[in-house]
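The chain contents come next:
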Amino acid sequence: MRLLILGGTEFVGRALTEEALKRGWETTVFHRGRHAAPPGVTTVLGDRTAENGLAGLAGGEWDAVVDTWAGAPTAVRDAARLLADRAPRYAYISSRSVYRHPCAPGLDESGALVDGSPDAGDVEYPEAKRGGELAAVAAFGDRALLVRAGLILGPWENVGRLLWWLNRMARGGPVLAPGPRDSGIQFVDPRDLAAWTLGAIEQRLGGPYNLVSPRGHATMGELLDACARVTGGRAELRWTAPEKILAAGVEPWTEIPVWIPPGELHDTIHAGGSAKAIASGLRCRPVAETVTDTWTWLQSLPSPAPLRPDIQRTALTPQKEAEILAM
Ligand SMILES: NC(=O)c1ccc[n+]([C@@H]2O[C@H](COP(=O)([O-])OP(=O)(O)OC[C@H]3O[C@@H](n4cnc5c(N)ncnc54)[C@H](OP(=O)(O)O)[C@@H]3O)[C@@H](O)[C@H]2O)c1
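Residues numbered from 1 in each chain as written. Predicted model: local features only at pLDDT ≥ 70, side-chain atom pairs only at ≥ 80, totals over all residues. Heavy atoms only, no water.

A. Representation of the packing of aromatic side chains in the model. Tallying each qualifying case throughout the model produces three aromatic pairs. Between Trp196 and Tyr209 the ring centres are 5.0 Å apart and the planes differ by 50°, which places this aromatic pair in the tilted class. One end of the pair, Trp196, is in helix H5 (residues 190–202); the other, Tyr209, is in strand E9 (residues 207–211), and 13 residues separate them in sequence. Accessibility assignment for this pair places Trp196 and Tyr209 in one class, buried. The aromatic ring of Tyr209 is capped on one face by Lys276, whose charged end is 4.1 Å from the ring centroid. (Phe/Tyr/Trp six-rings, centres within 6.5 Å; stacked < 30°, edge-to-face > 60°. Helix = DSSP H or I, 4+ residues; strand = E, 2+ residues; numbered from the N terminus. Buried < 20%, exposed > 50% of the residue type's maximum accessible area, 1.4 Å probe, protein only. Lys NZ or Arg CZ within 6 Å of the ring centre and 35° of its normal.)

B. View of the domain arrangement of the protein. In terms of domains, the protein is made up of domain 1 (2–152 + 189–211) and domain 2 (162–185 + 215–271 + 285–326). Distance from the C-alpha centre of domain 1 to the C-alpha centre of domain 2: 28 Å. Listed as interface residues are 11 residues of domain 1 and, on the opposing side, 14 residues of domain 2. Across the domain 1/domain 2 interface, buried area totals approximately 1100 Å², and carbon plus sulfur atoms make up 49% of it. (Domains from an automatic or database assignment. Contact = heavy atoms within 4.5 Å. Buried area = accessible area lost by both parts, 1.4 Å probe.)

C. Representation of the nonpolar core. Formed by 66 residues in total, the largest nonpolar core has its most connected members in Leu3, Trp165, Leu193, Trp196 and Leu223. Built from parts of two domains, this core gets at least three residues from each of domain 1 (2–152 + 189–211) and domain 2 (162–185 + 215–271 + 285–326). (Core = buried A, V, L, I, M, F, W, Y, C linked by side-chain atoms within 4.5 Å.)

D. How the structure looks around the side chain of Lys129. The topology assignment puts Lys129 in helix H3 (residues 125–140). We note that Lys129 is buried and unpaired, the nearest opposite charge coming from Asp67 at a distance of 7.5 Å. Polar contacts involving the side chain of Lys129 include one to the side chain of Tyr92, which spans 3.2 Å. Among the polar contacts made by the side chain of Lys129, one reaches the main-chain carbonyl oxygen of Ile93 at a distance of 2.8 Å. Each residue touching Lys129, except ones within four places of it in the same chain, is listed here: Trp69, Ala70, Tyr92, Ile93, Ser94, Ser95 and Val98. (Lys, Arg positive; Asp, Glu negative; His and termini not counted. Salt bridge = Lys/Arg side-chain N within 4 Å of Asp/Glu carboxyl O. Polar contact = N/O pair within 3.5 Å; in protein donor to acceptor, adjacent residues only side chain to side chain.)

E. Structural view of the sheet that holds strand E5 (residues 90–95). Strand order across the open sheet formed by seven strands is E3-E2-E1-E4-E5-E6-E9, with parallel pairing between neighbours. Edge strands, defined here as strands with exactly one partner in the open sheet, are strand E3 (42–45) and E9. If you compare each strand with its neighbour and ignore which way they point, the axes differ by 20° on average. Pairing of strand E4 (residues 64–67) with E5, which is carried by three bridges, proceeds in the parallel orientation. From the neighbouring strand, Val66 faces E5, where its bridge partner is Ala91. Against the sheet, helix H2 (residues 73–83) touches strand E1 (2–6), E4 and E5, its axis set at about 165° to E5. (Pairing = 2+ DSSP bridges. Axes fitted to C-alpha atoms, helices over the stretch in contact; angles between N-to-C directions.)

F. Highlighting unusual backbone geometry. In this structure, the amide linkage connecting His101 to the following residue, Pro102, adopts the cis form with an omega of -5°. Here the residue pair Gly179 and Pro180 is connected by a cis peptide bond, since its omega of -5° sits within 30 degrees of zero. The residue Pro180 is located in the loop between strand E7 (173–178) and strand E8 (184–185) in this model. One non-glycine residue with positive phi stands out, namely Phe11, at about 30°. Positive phi is not limited to glycine here, since Trp156 has a value of about 75°. Its location among the elements puts Trp156 in the loop between strand E6 (144–149) and helix H4 (162–171).

G. Quick peek at the packing of H4 against helix H10 (residues 287–299). At their nearest, the axes of H4 and H10 sit 11 Å apart, and the two run at 75° to each other. By the angle class used here, H4 and H10 are roughly perpendicular. For the pair H4 and H10, contact is made by Leu162, Leu163, Leu166, Asn167 and Ala170 and by Thr290, Val291, Thr294, Trp295, Trp297 and Leu298, respectively. When grouped by side-chain class, the residues that make up the contact of H4 with H10 number eight nonpolar, three polar and no charged. (Parallel < 35°, antiparallel > 145°, perpendicular 65-115°, else oblique. Nonpolar A, V, L, I, M, F, W, Y, C, P; charged D, E, K, R; others polar.)

H. Expanded view of the state of the cysteines. All chains considered together, the criterion is met by zero disulfides. Here Cys103 is not cross-linked by a disulfide; its sulfur's nearest cysteine counterpart is in Cys284, at 18 Å. Note on Cys227: no disulfide assigned, nearest cysteine sulfur contributed by Cys284 at a separation of 17 Å. (Disulfide = S-S within 2.5 Å.)

Next up, the structure:
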């Protein structure tokens, strides 16, 4: 198999690259060159936001393209148009954000979608992802695979969610653990996403698939217990009722990564339906394995680990955490 990955050097793209290499696929990555590609891949440099930025892809044929783009749909449109006759399949890494909120528990791929346009420039994230999907479909039709990922946690993360929890636990002491402890969380390890995506390409699948663990795969308690354990056991989890945390003005998800209190937003983000992906081969490793491997990887990096510069982070400060715990 000859695979072209648009991106391919960071987080999800890196997991896809590693999985392709593991399978012995001839792998090309297209990126700006700001992050190093792993040994064994062919690199084509270019900037998708620049005029004539795709010039490096003017020639060449592949058996599949995977596009990890998260920004303006026009970038997906231009790449997909350029490659439509030179690759039989195009997998676009989309997101469950394309569904209109709120989502009912168990929502499958038939859920109502936000509006989007392949010709849109910089738009809000949900519209950008939907526009990217439409751009992929416009060029590849039913040869386009739409990988609607849920929350992605695992090695190579550059967002600051699982990494934030690991760093917090490593610091030790009393840790604000947001309840309920048995609240279900859904995520997908980038390595499981990558394995499913390449398998789906082999099976010639097309159309939308929700890519996230089954409901009940993990709980907030299991995630935080694993984080506390692998970082040396210095953290003392103080399980705290959601009402108390919300009363302190804490913003779920952004100030406390991964955490959403029970309610509509929790069902939207942590209770999606992924039966179609599971039936077509998605296997989700246990949360403890994701946490252990991410910690091992994180320790191999300089501290602090480099994170994506384009995301504003507003996670809980140690002072605010201590204040809530003292309340
Ligand atoms: N994080 C989540 O929980 C989550 C959930 C659902 C869906 N998703 C989706 O998952 C995908 C994440 O992909 P990712 O982790 O691979 O993204 P990423 O970490 O942002 O990496 C971007 C990749 O594209 C390259 N790149 C960046 N700007 C470029 C440009 N202007 N021209 C050419 N290449 C460029 C980068 O390499 P260089 O810097 O070397 O150019 C890098 O390889 C996104 O589509 C996102 O919407 C994420």
